[in-house]
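One letter stands for each residue in the lines below.
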Amino acid sequence: MNFEFSDEQQQLRDTARRYLADHSPSVAVRAVLEGEQPYDTALWKGLGEMGFLGAAIPEEFGGLGLGYLELCVIAEELGRSLAPVPMSSSIYLAAELIKAAGSGPQKTAWLPKLASGEAIGCLATSEGPGRVSEKSIQARVTGDRLSGAKVPVLDGMAADFAIVAARDGDRSLSLFIVDLNGPGVARQAVGTIDPARGQASIAFDNAPAERLGAAGEGFSLLTEALDRAAVLTAFEQVGGSDKALEMARDYALQRIAFGRPIGSFQAIKHMLADMYVAATLARSNAYYGAWALSTGAAELGVAAATARVSATKAFQLCGKNNIQVHGGMGFTWAFDCHLFYRRANLLALTLGGQSEWEDKLVERLRRRNAA
Amino acid sequence: MNFDDTPQEAAFRAEARAWIDANAPHELLADLENAGFGGLNLSGVDPMQAMKAWQKKKFDAGWACLHWPKDYGGRGATPIERVIWGQEEGAYGKLSGTFIIGHGMCGPTLMAWATEEQKRQYLPPMAAGEDIWCQLFSEPAGGSDLAGLRTRAVKDGDDWVINGQKIWTSGAQHCQYGILITRTDPTVPKHKGLTMFFLDMKSPGVEIRPIKQVNGQSGFNEVYFTDVRIPDAQRLGAVGQGWTVSLTTLMNERLTIGSGMPTGFEEMFDFCCRMDTGEGPAVDDKAVRSKLADWACRASGLKYTGMRAISALSRGETPGPENSIGKLVAGATMQDIATFALDLMGQYGAVSDPEMAAAQSRFQAMLLRSPATRVEGGTDEILRNIIAERVLGLPADIRVDKDVPFEKIPTA
Ligand SMILES: Cc1cc2nc3c(=O)[nH]c(=O)nc-3n(C[C@H](O)[C@H](O)[C@H](O)COP(=O)(O)OP(=O)(O)OC[C@H]3O[C@@H](n4cnc5c(N)ncnc54)[C@H](O)[C@@H]3O)c2cc1C
């Protein structure tokens, strides 16, 4: 048994951390947050050149062909640095779905471009408030034309194509690839709680659509893809939790009140200890997810939901308590606390909210125990 | 990253499994699987005898105290082998309860501080379960503030003469030996005037009074010392070095009790799948699911944090204060689970009568045992202090008594 990342994977982590410290400092995050660009194009290009985007894409399709563990390591560093790039949409979701369900020509057409960063993909499922379910989706494909409206679509402004969940004629759900620069597509940016990750509202009006995967398999493909993305996102959340905890700790050591560092007050110490506990549990659960993902274990469903629920909780706790420890400073635009608070609460929603994943976890444990 | 056994690990597992299959007290298995929170109820068998018998059998075949050196009654096994053994021993491991303090804390303390001759004399019978050991640390005036202890040791010829009182001493009524921390010099600041010994619990002047606990059992005791004589040869570490010696014990205590602490989650999940709320099984209820998911994450997080700690251990890293989270999370989780399980039972949740209670009275037992988990071996608050100070590097609490001679510290 060995439940740690290997030395090579640790080295990859160091490389990624150094790279992102140089190329994704908080000024870069703020540039996207405050600017017109939906993502940091220079950083994205760099991530492609470093091979980070293609870490888990096979060599025959232009990736490095490493594996999920390496992608997990990179995800953690992206989370730590709040990298304002469409990684989760383009790599964890779009590339993964094409890897899993794409035809030969679809893989050849998209995977090399996704690995280099030349093309960006995203996933469009939500159509309004409430959970995405087989019933909630109204978008429809007739012939090979898709009509309907998706909102919000994470990285929808940055993406070249979307993988859209839609009704397949009269049948149940299928997934479709739609060129977002093609005819019948109108998109506009929407304001969100974390503008450092742009989102869009997209209207499809008879847009040409190409089926991805078997007809009627849309929901199961989606469910499996969300599990894999949940593990990878959990690493982003764990990275973000750690960084928020470090910020809070550093400030608690510096800030003096009543003649002593605020970090000497037990209320603050215990708050930080609780953040540490949550972050540690989340990290261990994320490793469990990484193990299941990388070995293709039958337990992936349980592991992914565990990693997801645990990481969401940890990042939300660390994000909000980091502001609390900073006092009034924490509520200013100028301090970085809000960047973490925003990201924590965004990531808590992007793959479906906490209660949705709690349901999945319990349902899967139940099935496992019954088996 | 994998959970696969290496060929050596697989061979070890097979050997362990075969030996357990051939030797374990199978007739107790059902009771052991049900047991867990508080006392051990074995139908028709005296638990102490069952524990001693299993321990002796393991010892004779070389399966006791696996990680100890062979010379002291162990097997010289690796940390991973110890984990594999635990997995294979399963519910039979509950028969080790009585020995935990000896094997987990007193043994390692002797190994670090006793003479070679003493180690060869005392450790093997401890490993065999023939001698049970206790930890005589806490006092009425010194629990969290252990260094505030008042039990006095005064040198008299080749002996030390002990007077004072210990409290909360688990298992003292069954023990042959104990490790005892005392004050030998009250004129220096409190951490500096302490000295550690081990003693025969049958020594004249030792009086043990069981204390009735919240759950009605008497696991712990008051221990009074009146002119008890301990030979100087039974001193562990130098005079005045007791605090340092105690840190060996406390570090091992965190490891022993911090690893694999039960949270009650599996039992709770099972219960929620069976318990009908009138609108179907409890597990279908949204509020229940949300809580179950949270507890699932805590139980799983502890399990895999343990796996990470073992991986670090087998790479040769020393386990650090980060292991404090095990008990902190497990204790609070178990208490929450117990409270909520009773809530689901409605008024009937109050029934703890084993003949009538739901779920074998397990959650009532958990309710009444879990407060102890949050106190014993370092309270939740002390553990948070440890994490904040030793892991995160925050300043220590302000100590008004630190540089004051012990005898000048004001008392209540
Ligand atoms: C079931 C059980 C078995 C035990 N077995 C043994 C044994 O075998 N041998 C042994 O030596 N001891 C044993 N103990 C004793 C145990 O270690 C002590 O009870 C524990 O360390 C707390 O000390 P105390 O009881 O004096 O509480 P106190 O130290 O008086 O604590 C009271 C409250 O004050 C809080 N507090 C104290 N100091 C601080 C601080 N600095 N910051 C914040 N809060 C603080 C505590 O967290 C707690 O909430 C056992 C206890 C139990 C419950």
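Residues numbered from 1 in each chain as written. Chains lettered and ligands numbered in written order. Predicted model: local features only at pLDDT ≥ 70, side-chain atom pairs only at ≥ 80, totals over all residues. Heavy atoms only, no water.

You'll find chain B entered in an unreviewed UniProt entry as Alkylation response protein AidB-like acyl-CoA dehydrogenase, with Caulobacter ginsengisoli given as the organism. What UniProt records for chain B under Cofactor (unreviewed entry) is the sentence "FAD". (UniProt positions renumbered as here; feature names shortened; annotations may be inferred.)

Naming follows an unreviewed UniProt entry, where chain A appears as Alkylation response protein AidB-like acyl-CoA dehydrogenase of Caulobacter ginsengisoli. Under the Sequence similarities (unreviewed entry) heading, UniProt states for chain A: "Belongs to the acyl-CoA dehydrogenase family." The UniProt entry for chain A carries this comment under Cofactor (unreviewed entry): "FAD".

Hey, could you run me through the pattern of salt bridges in this one?
Going through the model one piece at a time under the given rule, you end up with 52 salt bridges over all chains. The residue Glu 299 of chain A makes a salt bridge to Arg 368 of chain A at a minimum N-O spacing of 3.6 Å. With Glu 299 of chain A in the loop between α8 (266-295) and α9 (300-326) and Arg 368 of chain A in helix α11 (residues 354-370), this pair connects stretches of sequence that are 69 residues apart. Among the residues examined, Arg 368 of chain A registers a relative accessible area of 36% and is labelled partly exposed. Two residues, Lys 190 of chain B and Asp 145 of chain B, come together in a salt bridge whose shortest N-O distance is 2.6 Å. Of the two residues, Lys 190 of chain B is situated in the loop between β4 (177-183) and β5 (194-200) and Asp 145 of chain B in the loop between β1 (133-136) and β2 (152-156); the sequence distance between them amounts to 45 residues. Each of Arg 131, Asp 359, Glu 363 and Arg 366 of chain A together with Asp 284, Lys 286 and Arg 289 of chain B takes part in one network of salt bridges that share partners. (Salt bridge = Lys/Arg side-chain N within 4 Å of Asp/Glu carboxyl O. Helix = DSSP H or I, 4+ residues; strand = E, 2+ residues; numbered from the N terminus. Buried < 20%, exposed > 50% of the residue type's maximum accessible area, 1.4 Å probe, protein only.)

Please explain the domain arrangement of chain A as it appears in this structure.
As a measure of interface size, the accessible area lost when the parts come together is often cited. All names here are of chain A. Split by domain assignment, chain A resolves into domain 1 (7-118), domain 2 (122-216) and domain 3 (219-370). Distance between the C-alpha centres of domain 1 and domain 2: 22 Å. Taken together, the 21 residues of domain 1 in the interface contact 20 residues of domain 2. Between domain 1 and domain 2 we count zero salt bridges in total. Contributing elements (two or more residues each) for the side of domain 1 that touches domain 2: α2 (26-34), α5 (87-101) and α6 (104-116). (Domains from an automatic or database assignment. Contact = heavy atoms within 4.5 Å.)

What exactly am I supposed to notice about the interface of chain B and chain A here?
The interface is formed by 49 residues belonging to chain B together with 45 residues belonging to chain A. Summed over both partners, the interface of chain B with chain A buries about 4300 Å², with 64% contributed by carbon and sulfur atoms. When the buried area of chain B at its contact with chain A is split by residue, Met 1, Arg 308 and Leu 392 of chain B rank highest and sum to 20% of it. Summed over the shared surface of chain B and chain A, the result is nine salt bridges. Between Lys 269 of chain A and Glu 389 of chain B there is a salt bridge, and its shortest N-O distance comes to 2.5 Å. In this assembly, chain B and chain A are joined by 22 residue pairs in polar contact (both at pLDDT 80 or more). Sorting the residues of the side of chain B that touches chain A by element identifies α8 (265-274), α9 (286-314), α10 (325-344) and α12 (380-391) of chain B as the ones contributing at least two each. The element best represented in the side of chain B that touches chain A is α9 of chain B, accounting for 18 residues. (Buried area = accessible area lost by both parts, 1.4 Å probe. Polar contact = N/O pair within 3.5 Å; in protein donor to acceptor, adjacent residues only side chain to side chain.)

Mind showing me how you'd approach helix α1 (residues 7-23) of chain B here?
Residue and element names in this part refer to chain B. Compared with an ideal rise of 1.5 Å per residue, which puts 17 residues at 24 Å, α1 spans 24 Å between its outermost C-alpha atoms and is within 8% of the ideal. Among the residues of α1, Glu 9, Phe 12, Arg 13, Ala 16, Trp 19 and Ile 20 are the ones counted as buried. When α1 is viewed along its axis, its buried side chains cluster within an angular range of 135 degrees and face the same direction. Exposed residues lying more than 90 degrees from the buried face of α1 are Pro 7, Asp 21 and Ala 22. (Expected span 1.5 Å × (residues − 1). Arc of directions from axis to C-beta.)

Would you take a moment to explain helix α6 (residues 116-127) of chain B for this structure?
In an α-helix there are 3.6 residues to a turn, and that puts residues three or four apart on one side. All names here are of chain B. Compared with an ideal rise of 1.5 Å per residue, which puts twelve residues at 16 Å, α6 spans 16 Å between its outermost C-alpha atoms and is within 8% of the ideal. Of all the residues in α6, the buried ones are Gln 118, Lys 119, Tyr 122, Leu 123, Pro 124, Pro 125, Met 126 and Ala 127. Lining the buried residues of α6 we find α3 (47-60), α5 (100-113), β1, β4 and β5. Just downstream of α6 lies Gly 129, where phi reads positive at about 80 degrees.

Help me out: how do you make sense of the UniProt feature "domain: Acyl-CoA dehydrogenase/oxidase N-terminal" (unreviewed entry) in chain A in this one?
The UniProt feature table records "domain: Acyl-CoA dehydrogenase/oxidase N-terminal" (unreviewed entry) at residues 6-118 of chain A. Between the C-alpha atoms that bound residues 6-118 of chain A the distance is 30 Å, and the span itself is 67% helix and 0% strand.

Got a minute to help me understand the site of the ligand in this structure?
Residues in contact with the ligand amount to 20 residues; listed here are only the nearest, Ser 144, Trp 168, Ser 170, Thr 379 and Glu 381 of chain B. Mapping the residues near the ligand onto chains gives chains A and B. At a separation of 2.7 Å, a nitrogen atom of the ligand approaches a polar side-chain atom of Ser 170 of chain B. Protein contact buries 69% of the 970 Å² of open area that the ligand shows by itself. Mapped by element, the contributors of at least two residues to the shell around the ligand are β3 (159-170) and α12 of chain B. (Near = heavy atom within 4 Å. Areas by Shrake-Rupley, 256 points an atom, 1.4 Å probe, with all protein chains shown as cover.)

Got a minute to help me understand the domain arrangement of chain B in this structure?
Residue and element names in this part refer to chain B. When the domains of chain B are assigned, the result is domain 1 (7-127), domain 2 (133-240) and domain 3 (257-378). Contacts between the two partners involve 14 residues from domain 1 and, on the opposite side, 14 residues from domain 2. For the pair domain 1 and domain 2, the summed buried surface comes to about 1200 Å²; carbon and sulfur atoms form 71% of the total. Sorting the residues of domain 1 by area buried against domain 2 places Ile 101, Cys 106 and Tyr 122 first, and these three jointly supply 35% of that buried surface. Across the contact surface, domain 1 and domain 2 share zero salt bridges. Linking domain 1 to domain 2 there are one residue pair in polar contact (both at pLDDT 80 or more). When contributions to the side of domain 1 that touches domain 2 are tallied by element, the ones reaching two or more residues are α5 and α6. It is α5 that provides the largest number of residues to the side of domain 1 that touches domain 2, a total of seven residues. Looking at the side of domain 1 that touches domain 2 residue by residue, the class counts come to nine nonpolar, five polar and no charged. (Nonpolar A, V, L, I, M, F, W, Y, C, P; charged D, E, K, R; others polar.)

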